[in-house]
Amino acid sequence: MAPPPSPLAPVDLTDPNQVQDVMDLAARIGDLLLAAGTGNSDARAHIHAITTAYGLYYTHVDITLNTITVYARVTDDTPPVNVFRVVHKLSTDYSHLTELDRLIRSIVRGAAPLDEARAILTEIEQSPLPFRNRYALLAWGGFAGAVSLLLGGGWAVAVVATITTLFIMTLNAWLASKSLPMFFQNVLGGFMAVIPAAICYPLAQMSGLYLPPSLVIASCIVALLAGLQLVQTIQDGVTGAPITASARFFETILMTGGIIAGIAVGIQAVDHIGVSLPPLNTSQTSGILGTTAVQILSGAFATAFFCLANFCERRATLVAGTTALLASISFFFITDVLQLSLMMANTVCALAVGFAGGILSRRFLLPPQITAATGIVPFLPGLALYRGMSSLLNDEFIQGLSNLALALATATALAAGVVFGEWVARRVRRPHILHRAGRVLRPVIRPEGSRRQTRAFSPVYWRKGTKMGLRAPWAWRRSTDTSIYEVFDDTELDFNDSSSDSNAGDSERMSEG
């Protein structure tokens, strides 16, 4: 029943140990992908692509929230092989995600044998962070300051939001090291977002500074990632994972409820000490810092700081920041020049971000998720969430529900636009199976003790280019300053089209290769 071994990276399909090693490798990679925030359907497609590259065409993959099940039956004479794995820790470490993407490209193109791929994956799992946590915490502070300028605040709002977010994220990181559940961290974060804003507001009134507490609190809420988590939840639902989307939606509601509880306790506390927060008013600006140009640049810087806070490499940060800059320009062009609604602008910008993520991932060989997830950061509904929470706490039930519905609709538009944009990008230029030119050199493991944030950034590093004298679109050469081989390629495999149900298409593509 089983087809012959894959000509790219063959394994002995009659050996149950090798079959199990392939499935275990795919499940481990899927574990890291889900832990980094990859969607259900994308992680499943990556697992299918890995098992297919090693000759296991008839593999069934099931992912439900944080569990991965891989099933394969090679022949009638051998028992089926099952691999089960649970994602224990969720961490948005985009440096791991980038290296995994390059390892997957190497596996699918036949450049990584099974044993070597397992060794490289072990190195990725055990490798340290590219830089210290203190720099990531500083990036969170810069992110909140940029978001406050994006919402129309002045330099005083940016300073207070930056300092408050630095304190919140530092304390939450310490509490996370003590295994405190995320719900209580959000409660504490919502409480701490109110107190500094309420204390600085009377001082700003006496000195004549523009410092609305609502903008400070909204900036800190966006930093707590409630809006981004909601977008990822709806994205799972759009791509055909309703069970995972339902579980994550409940988790999102619970985490957002923790923020609401923290804000409510904070408002009650400041009222008890005699400080009354003003009503929400975001129609004013602070002079030159409230202009459209400042808001556009703030959106780009917010995305760049978000990338740094999630340990992105320099190239990914630059690409994501540029994408967010162009999307922010499009947003204000749609709203100010074309006079269209905010919902239409969010949808168009999300579609552009998803399309750019799919195209730029080929050109710069980056995971599309990084560009898509970080490019929509300037459009997250953090202020709408806070407006709805504040209205509900002040007995304005209809207005509160209206704002919460606006936040949900915005998140839905962002998720749907990103997914559709990525789908369009995959249809612009169809991927193809590459033909090898001459002898293929294998990627090697880096020397023990080497740092991750080097020139190569990963066990296998690709760079766009063309080598003179070669007709094939890709070739291998040895790096001049590291012991890592580089591949030149600007194509992208259509992982979402590679599934265990399309056996005829897989056989045809393998025969072409």
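Residues numbered from 1 in each chain as written. Predicted model: local features only at pLDDT ≥ 70, side-chain atom pairs only at ≥ 80, totals over all residues. Heavy atoms only, no water.

Looking at an unreviewed UniProt entry, one finds the chain named Threonine/serine exporter family protein and attributed to Corynebacterium zhongnanshanii. Of the chain, the UniProt comment under Sequence similarities (unreviewed entry) reads exactly: "Belongs to the ThrE exporter (TC 2.A.79) family." Taken directly from UniProt, the Subcellular location (unreviewed entry) text for the chain runs: "Cell membrane". (UniProt positions renumbered as here; feature names shortened; annotations may be inferred.)

Chemist: Got a minute to help me understand the overall build of the chain in this structure?
Modeler: What the chain contains, in helices and strands, is 17 helices and 6 strands. The burial tally for the chain puts 53% of its 513 residues in the buried class. The contacts of the chain with a sequence gap of at least 6 include a subset with a gap of at least 24, amounting to 76%. Accessible area of the chain: about 22300 Å², with a carbon and sulfur share of 63%. (Helix = DSSP H or I, 4+ residues; strand = E, 2+ residues; numbered from the N terminus. Buried < 20%, exposed > 50% of the residue type's maximum accessible area, 1.4 Å probe, protein only. Contact = heavy atoms within 4.5 Å. Areas by Shrake-Rupley, 256 points an atom, 1.4 Å probe, with all protein chains shown as cover.)

Chemist: Please clarify how the sheet that holds strand E2 (residues 67-72) should be interpreted in this entry.
Modeler: Paired through backbone hydrogen bonds, the strands of a sheet run either parallel or antiparallel to each other. Read from one edge of the open sheet, 3 strands run E1-E2-E3, paired in antiparallel fashion. Whereas interior strands pair on both sides, the edge strands pair on one side only; in this sheet they are strand E1 (59-64) and strand E3 (81-86). Within the sheet, the average angular offset between the axes of one strand and its neighbour, ignoring direction, is 10°. Pairing analysis gives 6 bridges linking E1 to E2, with the strands arranged antiparallel. Directly across from Val61, in E2, lies its bridge partner Val70. Its contacts with the sheet place helix H2 (residues 40-53) against E1 and E2, and it is angled at close to 155° to E1. (Pairing = 2+ DSSP bridges. Axes fitted to C-alpha atoms, helices over the stretch in contact; angles between N-to-C directions.)

Chemist: How should the packing of helix H1 (residues 16-35) against helix H3 (residues 94-108) be read in this particular structure?
Modeler: Close contact between H1 and H3 brings their axes to 10 Å; oriented N to C, the two are set at 150°. The angle between H1 and H3 falls in the class roughly antiparallel. At the point where H1 passes H3, the crossing takes the left-handed sense. Between H1 and H3, the residues in contact are Leu25, Ile29, Leu32 and Leu33 and Leu97, Leu100, Leu103, Ile104 and Ile107, respectively. Taken together, the residues of the contact of H1 with H3 sort by class into 9 nonpolar, no polar and no charged. (Parallel < 35°, antiparallel > 145°, perpendicular 65-115°, else oblique. Left-handed = near helix turned anticlockwise from the far one by under 90°. Nonpolar A, V, L, I, M, F, W, Y, C, P; charged D, E, K, R; others polar.)

Chemist: Help me out: how do you make sense of the packing of aromatic side chains in this one?
Modeler: On inspection of all chains with the given rule, the structure shows 7 aromatic pairs. Both rings, one in Trp140 and one in Phe143, keep their centres 5.8 Å apart while their planes meet at 85°; by these two values the pair is edge-to-face. Of the two residues, Trp140 and Phe143 are both situated in helix H5 (residues 133-150); the distance of 3 residues between them amounts to about one turn of the helix. The buried category is assigned to Trp140, whose relative accessible area is 9%. Taken together, a centroid distance of 5.5 Å and an interplanar angle of 85° make the contact between Phe183 and Phe184 edge-to-face. For Phe183, a relative accessible area of 26% gives the class partly exposed. Since its relative accessible area comes to 46%, Phe184 is described here as partly exposed. (Phe/Tyr/Trp six-rings, centres within 6.5 Å; stacked < 30°, edge-to-face > 60°.)

Chemist: Sorry if this is basic, but what is going on with H1 here?
Modeler: Residues separated by three or four positions in an α-helix point in the same direction, a consequence of the helix having 3.6 residues per turn. Between its first and last C-alpha, H1 extends 28 Å over 20 residues, near the 28 Å set by a 1.5 Å rise per residue. By the criterion of burial, H1 is predominantly enclosed, with 14 of the 20 residues buried. (Expected span 1.5 Å × (residues − 1).)

Chemist: What is the right way to look at the side chain of Glu313 in this model?
Modeler: Along the chain, Glu313 falls in the loop between helix H11 (292-309) and helix H12 (314-337). Separated by 2.8 Å, the side chains of Glu313 and Arg102 make a polar contact. (Polar contact = N/O pair within 3.5 Å; in protein donor to acceptor, adjacent residues only side chain to side chain.)

Chemist: What's the story with the environment of Leu383 in this structure? I'm lost.
Modeler: Positionally, Leu383 belongs in helix H15 (residues 382-393). In the structure, Leu383 is positioned 162 residues away from Ile221 in sequence and 8.0 Å away in space, judged by C-alpha atoms.

Chemist: Where do I start with the side chain of Asp31 in this structure?
Modeler: For Asp31, the position within the fold is in helix H1. Overall, the relative accessible area of 12% leaves Asp31 in the buried class. In this structure, Asp31 is in contact with Ile68, Arg85, Val86 and Val87, ignoring residues within four places of it in sequence.

Chemist: How do you make sense of the pattern of salt bridges when you look at a structure like this?
Modeler: Between side chains of opposite charge, pairing is possible as soon as their charged atoms come close. Summed over all chains, the structure comprises 8 salt bridges. Arg28 is the salt-bridge partner of Glu125, the closest N and O atoms lying 2.9 Å from each other. Residue Glu125 is located in helix H4 (residues 114-126), and its partner Arg28 is located in helix H1; the two are separated by 97 residues in the primary sequence. One salt bridge connects Glu313 with Arg102, and the closest N-O pair in it is separated by 2.8 Å. Linking Glu313 in the loop between H11 and H12 with Arg102 in helix H3, this pair joins segments that are 211 residues apart in sequence. The class of Glu313 is buried, set by a relative accessible area of 4%. (Salt bridge = Lys/Arg side-chain N within 4 Å of Asp/Glu carboxyl O.)

Chemist: Looking at this model, I keep getting lost on H2. Mind explaining?
Modeler: Its 14 residues give H2 an end-to-end C-alpha distance of 20 Å, which sits within 8% of 20 Å, the value for a rise of 1.5 Å per residue. Here H2 lies mainly inside the structure; 12 of its 14 residues are buried. Every buried residue belonging to H2 is among Asn40, Ser41, Ala43, Ala45, His46, Ile47, His48, Ala49, Ile50, Thr51, Thr52 and Ala53, and all of these are buried.

Chemist: Whenever I open this one, the pairing of E2 confuses me. Can you help?
Modeler: Note on strand geometry: in a regular strand, side chains alternate between the two faces of the sheet. Here E2 shows one buried face, formed by Ile68, Val70 and Ala72, and one open face, formed by Thr67, Thr69 and Tyr71. Hairpin geometry of E1 and E2 is characterised by an intervening segment of 2 residues between the two adjacent antiparallel strands and by a positive phi of about 60° at Leu65. Here E2 pairs with E3 via 6 bridges, running antiparallel. If you follow Ile68 over to E3, its bridge partner there is Arg85.

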